[in-house]
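# Descriptive analysis of the structure
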Amino acid sequence: MTRRSRAASATSHRDGGTQKTYGAMVQSLDLNIGRVLAALDATGLADNSIVVFTSDNGGERFSKTWPFSGMKQELLEGGLRVPHIVRWPGHVAGGSVSQQVIITMDWVPTLLAAASTSPDASYPSDGEDLGPTLGGRAVLHPRKLYWRYKAGAQRAVREADWKYLRIAGNEFLFDVAKDPRERANLKTRHADVFDRLKADWESWNSTMLPERPRPALYGNPGVYLPDHYGVVNPTAPPAPPAPTVQH
């Protein structure tokens, strides 16, 4: 075991923390982001700065992801949808909201375009330039996005409002616009869409680097989270035996 993995195992636990502590952490983050923005204003750099606030994945166990289900380490919407908040004076109107589907990989071509350059042709980006969208000049357009996550053998495709999902051996088709909580499985009713998106994922995956062969444990099994009952991590340690009651 490496020093890093030993440290991680020593600090990883599921029996600590509170919503009050988490709330205080979020409040501290908010206040300190405000200090950064105020410093940009005070130094006259705000008009020439793009500030992006986002996240690499969805909420963890104390987060409120409503109306979505799922969380970090899952390809349910609660594990995928994250805030994208941008301050770019003269380009993004204050208080404006876009319904355009975007993905984190879009920021590379967006920031390069803002700097009047572009990705190397030998290494094309997986994203698109969000400049027209952020500036309110682009019309909404459908996107086709792919994900995979080794833990739980998870895979997902989003095409417009359709989403194919596989998680812990179960497969689904959702209309995430009408059903953001992912409760109505439409894979039988719309079998043609389900089969097409599933095949599209396999085709996309064949163009990707192979997944690492090392084991990847499903991070949110029922042994830890009561709303994940029935989800079993086969490599998890056995539960401790129930205490014996003397009569």
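What counts, and at which threshold
- Residues numbered from 1 in each chain as written.
- Predicted model: local features only at pLDDT ≥ 70, side-chain atom pairs only at ≥ 80, totals over all residues.
- Heavy atoms only, no water.
- Helix = DSSP H or I, 4+ residues; strand = E, 2+ residues; numbered from the N terminus.
- Buried < 20%, exposed > 50% of the residue type's maximum accessible area, 1.4 Å probe, protein only.
- Areas by Shrake-Rupley, 256 points an atom, 1.4 Å probe, with all protein chains shown as cover.
- Core = buried A, V, L, I, M, F, W, Y, C linked by side-chain atoms within 4.5 Å.
- Contact = heavy atoms within 4.5 Å.
- Pairing = 2+ DSSP bridges.
- Axes fitted to C-alpha atoms, helices over the stretch in contact; angles between N-to-C directions.
- Expected span 1.5 Å × (residues − 1).
- Arc of directions from axis to C-beta.
- Salt bridge = Lys/Arg side-chain N within 4 Å of Asp/Glu carboxyl O.

### Side note on the overall build of the chain
If you tally the helices and strands in the chain, you get six helices and six strands. Reading the chain from its N end, one meets helices and strands in the order α-α-β-α-β-α-α-β-β-β-β-α. Taking all 247 residues of the chain together, 28% fall into the buried category. Surface exposure of the chain reaches about 16800 Å², of which carbon and sulfur atoms provide 57%.

### Side note on the nonpolar core
Leu75, Leu76, Leu80, Ile103, Leu145, Trp147, Ala156, Leu165, Ile167, Phe174, Val176 and Tyr218 form the largest nonpolar core, which has 12 residues in total. Look past the residues within four positions of Leu76 in its chain and what remains in contact with it is Ser69, Gly70, Lys163, Leu165, Ile167 and Glu182. Counting residues in each nonpolar core, the second largest holds nine residues, with Val157, Tyr164, Val193 and Trp204 among its members.

### Describing the sheet that holds strand S5 (residues 162–167)
Within the open sheet, the four strands sit side by side as S3-S4-S5-S6. Their pairing is antiparallel. On the outer flanks of this sheet lie strand S3 (144–149) and strand S6 (170–175), each paired with one strand and no other. Between one strand axis and the next, the sheet turns through 10° on average, direction left out of account. One ladder, built from six bridges, connects S5 with S6; its direction is antiparallel.

### A short note on unusual backbone geometry
With an omega dihedral of 10°, the bond running from Trp66 to Pro67 counts as a cis peptide bond. By the element assignment, Pro67 lies in the loop between strand S1 (51–53) and helix H3 (77–80). Phi is positive for Gln73, which is not a glycine, with a value near 75°. With respect to the helices, strands and loops of the structure, Gln73 is situated in the loop between S1 and H3. Notably, Ala160 is not glycine yet its phi reads approximately 55°, a positive angle. Within the secondary structure, Ala160 sits in the loop between strand S4 (154–159) and S5. In this structure Ala160 comes out as partly exposed when scored by relative accessible area, which is 35%.

### A word on helix H6 (residues 191–205)
For H6, with 15 residues, the first-to-last C-alpha span of 21 Å sits near the 21 Å given by 1.5 Å per residue. Of the residues making up H6, those classed as buried are Val193, Phe194, Leu197, Asp200, Trp201 and Trp204. The arc that holds the buried residues of H6, viewed along the axis, is 130°, so those residues lie on one side. Contact partners of the buried residues in H6: S3, S4, S5 and S6.

### Considering the pattern of salt bridges
Enumeration according to the criterion identifies 12 salt bridges in this entry. Between Arg143 and Glu128 there is a salt bridge; the shortest N-O distance is 3.4 Å. Of this pair, Arg143 sits in the loop between helix H5 (131–134) and S3 while Glu128 is found in the loop between helix H4 (107–114) and H5, placing the two residues 15 residues apart along the sequence. Residue classification places Arg143 among the buried residues on the basis of a relative accessible area of 11%. Residue class for Glu128 comes out partly exposed when judged on its relative accessible area of 23%. Between Asp161 and Arg158 there is a salt bridge, with its nearest N and O atoms 3.7 Å apart. By relative accessible area, which is 35% here, Asp161 ends up partly exposed. The class for Arg158 is buried, based on a relative accessible area of 12%.

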